[in-house]
Protein chains: 2
Amino acid sequence: MHDTTNWVTEVYSKDGSALSLTGATKLHEEQSPFQRIEIYDTAAFGKLMVLDGCFMVTDRENFLYHEMMTHPALYTHPDPKTVCIIGGGDCGSLKEVLKHPEVKRAVQIEIDERVTRVAEQYFPDLCTANDDPRAELKFIDGLKWVKDAEPGSVDIIIVDSTDPVGPAEGLFNEAFYRDCHRALGDNGILVQQSESPLFHLELQASIHGHMRNAGFGQTRTLFFPQFIYPTGWWSATLAGKGDLHNFRRDDALNKPYATEYYNADIHQAAFAMPEFFKRRLAK
Amino acid sequence: MHDTTNWVTEVYSKDGSALSLTGATKLHEEQSPFQRIEIYDTAAFGKLMVLDGCFMVTDRENFLYHEMMTHPALYTHPDPKTVCIIGGGDCGSLKEVLKHPEVKRAVQIEIDERVTRVAEQYFPDLCTANDDPRAELKFIDGLKWVKDAEPGSVDIIIVDSTDPVGPAEGLFNEAFYRDCHRALGDNGILVQQSESPLFHLELQASIHGHMRNAGFGQTRTLFFPQFIYPTGWWSATLAGKGDLHNFRRDDALNKPYATEYYNADIHQAAFAMPEFFKRRLAK
């Protein structure tokens, strides 16, 4: 038996496993109108945000997720001027998006303002772009915002949501993707965080199906490591009105900012499909 | 607090984290002359082998490690006839190696015969190639075997070892790599499991240094997911006497056997270096 005092643990009950961070001190806990928000300080991963019991962000390794939710789509679109982030309340995706000088407007639509306020307090490094004049932070329902958006007015929609249960459930279906398709301009790209290839293969396949049915001509999944998410192996699925194989490689090679994970080679590598995934999509 | 009854847990104490598999029943436990060997049946991952407290193999996701320790090197070498596996007592790497019809001889040198005997009992799927006439199972010290091998007699050496503490410590240094260099023929390749980029970056950099100092002209690290190893993100580092950028892509595309993860695209993608890794190696 291990002494689990001061461990913070997420149990993946459907998949018979659990991840713990040790040496954890709870710094904050509240029940927002949408979910339970907890912040811990941990021995080796810095601060940790937990929403409804699910690990969301740590200081040490959030760069993987935030870089991969943003830069691949931004360097695929030929000219991304307007980007909308649905969810993303920790502001890490917003920060990465605004590293791109070609972006003129980035709208973050997080339903739960408390997530952002807590992130501003405990994850200041993720919130450094919140005051960028190109950033708009809205605390409303993303589903409704997308439905009401002027057709063709957005270049990239990034669905940086929690799992497809609770507040985020409506973000994983065809009706929402159809609204996204309408809001996106020519060459528009939708990015959906799409869970673990080991645990959620059927969900991933269904996301491809819903996106195609919603009118997107192309869909591609990219894969990346993410320790604190179930299995440590995560994905994002892109839907494109244009060609998702387009890649502004020279721009990525000459990006005017630093990254920790993403680069031009990682961009291309991330889209390689594991054999079991390829077989499932071919069905 | 979570009810941790029937959890089997590995604590990554230096890195403040822990992974558990739930619904676990212990099927076997013994102290071999080299290490403590445990076998569990788990709720969602099938059988699990634990050596000295470290998770080694599960039924559900061992394919990632075994395919990536073998096929990339085998499709890089122009004509791999003789392959030697140091460690690899669960026999999973041996099985993958012997899927290649061009391999004429595969020698597995595991210091702890009990690991293999226990694997034969609890992981029969990994041991299906043990009776292949091309397979030789030796239970001796791999360090000594490599030192005594005829110069230039081996095409690929795969170091499928535990962590660089305990029985495997001597497998991570320059003297051993020099012996491997001598044992390898022209275009010979050494493959070393090389831990997690998030937790073991300095070790990985030192492996590259030791391999270069041992006489190898090229070194490359490949990356892959592996849920039950620390951080869920793992790596293997290759050292080549020939060109590690060589890739028998047509052969990989037309491989006469099934895989779960590896394919020609994954081969090329796995070598993409994360930005932080590239920066560290450039130092």
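- The name an unreviewed UniProt entry assigns to chain A is Polyamine aminopropyltransferase, from the organism Methylogaea oryzae.
- Of chain A, the UniProt comment under Pathway (unreviewed entry) reads exactly: "Amine and polyamine biosynthesis; spermidine biosynthesis; spermidine from putrescine: step 1/1."
- Taken from UniProt, the Catalytic activity (unreviewed entry) comment for chain A reads in full: "S-adenosyl 3-(methylsulfanyl)propylamine + putrescine = S-methyl-5'-thioadenosine + spermidine + H(+)".

**Overview of the interface of chain A and chain B**
Then comes step 1: Each partner contributes residues to the interface: chain A has 44 residues there, and chain B has 44 residues.
Then comes step 2: In this assembly, chain A packs against chain B so that about 3500 Å² is buried in total across both faces, 61% of it on carbon and sulfur atoms.
Then comes step 3: The three residues of chain A that bury the most area against chain B are Leu198(A), Phe227(A) and Glu275(A), which together make up 14% of that side's buried surface.
Then comes step 4: In this structure, the connection of chain A to chain B is made through four salt bridges.
Then comes step 5: Note that Arg279(B) is salt-bridged to Glu260(A), the shortest N-O span being 2.8 Å.
Then comes step 6: Taken together, the connections running from chain A to chain B amount to 24 residue pairs in polar contact (both at pLDDT 80 or more).
Then comes step 7: Of all the secondary-structure elements, those providing two or more residues to the side of chain A that touches chain B are β1 (8-12), β2 (17-21), α1 (62-74), α8 (264-270) and α9 (275-282) of chain A.
Then comes step 8: In terms of residue count, the dominant contributor to the side of chain A that touches chain B is β2(A) (five residues).
Then comes step 9: Classifying every residue of the side of chain A that touches chain B gives 24 nonpolar, 11 polar and nine charged.
Then comes step 10: Here β2(A) runs beside strand β2 (residues 17-21) of chain B; their pairing, made up of five bridges, is antiparallel. Looking at the pairing, Ser17(A) lines up with Leu21(B) of β2(B).

**With respect to the sheet that holds strand β6 (residues 54-58) of chain B**
Residues and elements named next belong to chain B.
Then comes step 1: Ordered by their spatial adjacency, four strands build an open sheet running β3-β4-β5-β6, and the pairing between neighbours is antiparallel. Each edge of the open sheet carries a strand with a single partner, namely β3 (25-31) and β6. Neighbour to neighbour, the strand axes of the sheet diverge by 20° on average, direction disregarded.
Then comes step 2: Judged from the six bridges that link them, strand β4 (residues 36-42) and strand β5 (residues 46-51) form a sheet pairing that is antiparallel. The residue bridging Ile39 from the neighbouring strand is Met49, located in β5.
Then comes step 3: Docked against the sheet, helix α3 (residues 113-122) engages β3, β4 and β5, running at close to 160° with respect to β3.

**Let's talk about the nonpolar core**
Then comes step 1: Counting residues in hydrophobic clusters, the biggest one holds 117 residues, and the most contacted among them are Val191(A), Phe227(A), Val191(B) and Phe227(B).
Then comes step 2: Sequence-distant contacts of Val191(A), defined by excluding residues within four places in its chain, comprise Met69(A), Ala73(A), Ile156(A), Ile157(A), Ile158(A), Val159(A), Ala236(A), Thr237(A) and Leu238(A).

**Description of the environment of Glu174(A)**
All names here are of chain A.
Then comes step 1: In this fold, Glu174 is placed in helix α5 (residues 174-183).
Then comes step 2: What makes Glu174 partly exposed here is its relative accessible area of 23%.
Then comes step 3: C-alpha separation for the pair Glu174 and Ala214, spaced 40 residues apart in sequence, amounts to 5.7 Å.
Then comes step 4: Non-local contacts of Glu174, meaning those with residues more than four positions away in its chain, are made with His210, Asn213 and Ala214.
Then comes step 5: Within the structure, Glu174 has its side chain in polar contact with the side chain of Asn213 (distance 3.4 Å).

**Considering the sheet that holds strand β6 (residues 54-58) of chain A**
Residues and elements named next belong to chain A.
Then comes step 1: Strand order in the open sheet formed by four strands is β3-β4-β5-β6, with antiparallel pairing between adjacent strands. Edge positions in the sheet fall to β3 (25-31) and β6, since each has one partner strand and no second. Across the sheet, the mean angle from the axis of one strand to that of its neighbour is 20°, orientation sign disregarded.
Then comes step 2: In this sheet, β6 lies alongside strand β5 (residues 46-51) in antiparallel orientation, the contact comprising four bridges. Note that in β6 the partner of Leu48 across the bridge is Thr58.
Then comes step 3: Together, β3, β4 (36-42) and β5 form the strand contacts of helix α3 (residues 113-122), whose direction differs from that of β3 by roughly 160°.

**Considerations on the layout of surface pockets**
Then comes step 1: For the largest pocket, the calculated volume is near 620 Å³.
Then comes step 2: Every residue lining the largest pocket is counted, 31 residues in all, and those nearest its centre are Thr4(A), Trp7(A), Thr4(B), Trp7(B) and Ser20(B).
Then comes step 3: Every element with two or more residues in the lining of the largest pocket is listed here: β1 and β4 of chain A together with β1 (8-12), β3 and β4 of chain B.
Then comes step 4: Among the elements that make up the lining of the largest pocket, the one with the highest residue count is β1(A) (four residues).
Then comes step 5: For the lining of the largest pocket, the residue count by class is 14 nonpolar, 13 polar and four charged.

Rules used in this analysis
- Residue positions are given per chain, counted from 1 along the sequence in the order it is written.
- Written order decides the labels, with chains lettered from A and ligands numbered from 1.
- With the structure being a predicted model, the display of local features is reserved for residues of pLDDT at least 70 and the display and counting of side-chain atom pairs for 80 or more, all residues being used for whole-chain, interface and lining totals.
- Hydrogens and water are ignored here; the side-chain numbers use all heavy atoms of the structure.
- UniProt positions are given in the numbering used here, feature names are shortened, and annotations may be inferred rather than shown by experiment.
- Residues are treated as being in contact if the distance between any of their heavy atoms lies within 4.5 Å.
- Buried area: the sum, over both parts, of the accessible surface (1.4 Å probe) that disappears when the two are put together.
- The term salt bridge refers to a pairing of a side-chain nitrogen on Lys or Arg with a carboxyl oxygen on Asp or Glu at a separation within 4 Å.
- We define a polar contact as two N or O atoms separated by no more than 3.5 Å, with the added condition that, inside protein, one atom must be a possible hydrogen donor and the other a possible acceptor, whereas residues neighbouring each other in sequence contribute only through side-chain atom pairs.
- Strands here mean DSSP runs of E at least two residues long; helices mean DSSP runs of H or I at least four residues long; both are numbered from the N terminus.
- Note on residue classes: Ala, Val, Leu, Ile, Met, Phe, Trp, Tyr, Cys and Pro are nonpolar, Asp, Glu, Lys and Arg are charged, and everything else, Gly too, is polar.
- Here a strand pair is declared whenever DSSP counts at least two bridges between the two strands.
- Geometry is summarised by axes, namely lines fitted to C-alpha atoms with helices restricted to the contacting stretch, and by angles between N-to-C directions that run from 0 to 180 degrees.
- For the purposes of this section, nonpolar cores are sets of buried Ala, Val, Leu, Ile, Met, Phe, Trp, Tyr and Cys residues that join through side-chain atoms within 4.5 Å.
- Three exposure classes are used, based on accessible area relative to the maximum for each residue type with a 1.4 Å probe and protein chains only: buried under 20%, partly exposed in between, and exposed over 50%.
- A pocket here means an open set of points on a 1 Å grid, computed over the protein atoms alone, that has protein on both sides within 12 Å along at least five of seven lines. A cavity is instead a set of points where a 1.4 Å probe fits but cannot get out; residues with an atom within 4 Å of a point line either one.
- Grid points are joined across faces, edges and corners, and a volume is the space filled by probe spheres set on the points.

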